[in-house]
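The primary structure of each chain is shown beneath.
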Amino acid sequence: MNPILKYLKNFFASQKVIGGDKELLGKIRADQILQKLIDDQRVPGLAITVLKNNEVFFEKGYGFADVEQQTTIDPQNTIFRIASVSKPIAAAALATMVEEGQLDLDASIYRYVPYFPKKEFDFTLRQLAGHTAGIRGYRGGEYGLNKPLGIKESLALFQNDDLLFEPGNGFQYTSFDWVLISLAMQEVSGMPFAEYVQEKILKPYGLKNTFPEVPGDLPPNCTTFYSKGRLGFRKAIPVNNAYKLAGGGYLSTASDIARFGQVYLDSKFRDNKTQSQFLTSGVINGTPTYYGLGWQVTQDKMGRRYYGHVGNGVGGYAVFYVYPEQDMVFSIMINCTNPGVLDTLEEVIELFLGEVVA
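Given the structure is predicted, the values throughout are model-derived calculations rather than measurements.

(A) Examining the packing of aromatic side chains more closely. Counted under the stated rule, the structure contains 23 aromatic pairs. For the pair F58 and F352, a centre-to-centre distance of 4.9 Å together with 50° between the ring planes defines the contact as tilted. Here F58, found in strand 2 (residues 55-66), pairs with F352, found in helix 12 (residues 342-352); they are 294 residues apart in sequence, far enough to count as distant. In terms of burial, F58 and F352 fall into one category: buried. With 5.7 Å between their ring centres and 85° between their planes, W295 and Y307 make a pair best called edge-to-face. With a gap of 12 residues between them, W295 in the loop between strand 10 (287-288) and strand 11 (296-299) and Y307 in strand 12 (residues 305-313) connect regions that are remote in the sequence. With respect to burial, W295 and Y307 carry one shared label: buried.

(B) The arrangement of the sheet that holds strand 4 (residues 80-81) in detail. Here we have three strands laid out as an open sheet, ordered 4-8-5, and antiparallel in their pairing. A strand with exactly one partner marks an edge of an open sheet, and here the two such strands are strand 4 and strand 5 (211-212). Of the pairings in the sheet, the one linking strand 4 to strand 8 (residues 250-252) comprises two bridges and is antiparallel in character. What sits directly across from F80, in strand 8, is S252.

(C) The arrangement of unusual backbone geometry in detail. Positive phi, close to 65°, is recorded for N54, a residue that is not glycine. By secondary structure assignment, the location of N54 is in the loop between strand 1 (45-52) and strand 2. Its identity is not glycine, yet H131 carries a phi of approximately 60°, on the positive side. Within the fold, H131 resides in the loop between helix 5 (125-129) and helix 6 (176-189).

(D) Quick look at helix 6. Between its terminal C-alpha atoms helix 6 stretches 20 Å, which fits the 20 Å expected from 14 residues at 1.5 Å a residue. Counting buried positions along helix 6 yields 11 of 14 residues, so the element is predominantly enclosed. Within helix 6, burial applies to F176, D177, W178, V179, L180, I181, S182, L183, A184, M185 and S189. Along its buried surface, helix 6 packs onto helix 3 (86-99), helix 4 (109-112), helix 5, helix 7 (193-205) and helix 8 (245-248).

(E) Representation of the pairing of strand 11 in the model. Of the strand pairs in this sheet, strand 11 and strand 12 are connected by four bridges, and their pairing is antiparallel. Across the sheet, the residue bridging to T298 is Y306, located in strand 12. Linking strand 11 back to strand 12 in an antiparallel pair, the connection comprises five residues, with G303 at a positive phi of about 85°.

(F) Focus on the sheet that holds strand 12. Strands sit in the order 3-2-1-14-13-12-11 across an open sheet of seven strands; the sheet is antiparallel. The strands lining the two open edges of the sheet, one partner per strand, are strand 3 (71-72) and strand 11. Across the sheet, helix 2 (residues 21-39) touches strand 1 and strand 2, and the angle it forms with strand 2 is around 15°. The strands touched by helix 12 are strand 1, strand 2, strand 12, strand 13 (316-323) and strand 14 (328-334); relative to strand 13, the strand with the most contacts, the crossing angle is about 30°.

Basis of the calculations
Per chain, residues are indexed from 1 in the order of the written sequence. For a predicted model such as this one, the threshold for reporting local features is a pLDDT of at least 70, and the threshold for listing and counting side-chain atom pairs is 80 or more; totals across whole chains, interfaces and linings nevertheless cover every residue. Side-chain measures were taken over the full set of non-hydrogen atoms in the model, leaving aside hydrogen atoms and water. Pairing of aromatic rings covers Phe, Tyr and Trp, the last through its six-membered ring, and needs centres within 6.5 Å; plane angles under 30 degrees mean stacked, over 60 mean edge-to-face, and all others mean tilted. Secondary structure elements are defined from DSSP: runs of H or I of at least 4 residues count as helices, runs of E of at least 2 residues count as strands, and each element is numbered from the N terminus. Think of it in three bands: with a 1.4 Å probe and only protein chains considered, a residue is buried below 20% of the maximum accessible area for its type, exposed above 50%, and partly exposed in between. Any two strands with at least two DSSP bridges between them are considered paired. What a helix is expected to span follows from its residue count: subtract one and scale by 1.5 Å. We call two residues in contact when some of their heavy atoms are within 4.5 Å. An axis is simply a line fitted to the C-alpha atoms; with a helix, the fit covers only the stretch in contact. Between two such axes, the angle follows the N-to-C directions and lies from 0 to 180 degrees.

Structural data, given as structure tokens:
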């Protein structure tokens, strides 16, 4: 069979194809680029789900969930570490507590966590969620800790350090901000953070394959976690992300995260005053931070507005973008520590948005 016809036959067999010629060309080119990431051994495995107008526009798995066993990837069922894509999930739970009047974004953290050591300056939940509170980022091996720390216990990692700047006058991205937020949520709700998120977000949103990672008790459809070195892929170091669940400890599928993004395209979310705060970029001294409250909020090179998050953790990488004007959601999962392919993934997203490269 002609190789081009063979490729097209396989492509159509693996895809639900909708749209006109331009969309089809974009899908075919995107499919080739994603497959090349596998062929060139830049990533071990990848899952992608793209929604448009609340329908599956493109969905496919590439490579392997387990390289040795050559376990294939199913975007609806294969479970990945989503790293910082956990933050929008936590932000959804925080917004729920704010809407219900249980938390005040502009209240001092000490109202909710009075035992956190006093700093030179006070700071608020809003500043923590927008990474403008001045809490430091990871040091040394903190990025890959493998200690059984609870959320409250993990304060010991950073609670005695000075703030990096006066809150509201700088930006420092750090998952430690969300450790404090999730602790405040626990204290006020009287429930473990994971249980609150399950009850208020995961269950009502229909996210059946999204879970807090429990070391030693991974779901059966979970990928093997890899890191990449000069000699290829190797199993990633063991880590325990339980303490930073809100900032980077969830597991999920490409399909589930796309479904989560679709919720934010519903008019009741677009018009909700509380949610709009979370999806509005902060501003410091007249300059946007391109970050809302738990959500990256920015524009692509064509000037199209989107919000979402990129996640990079030990053994997992994720890209989650929601384009409200185009009514599209992009969810891409990779089972490898930062593989350095974001530019390629954003090229693929451009193709799905209609920017076809000849």
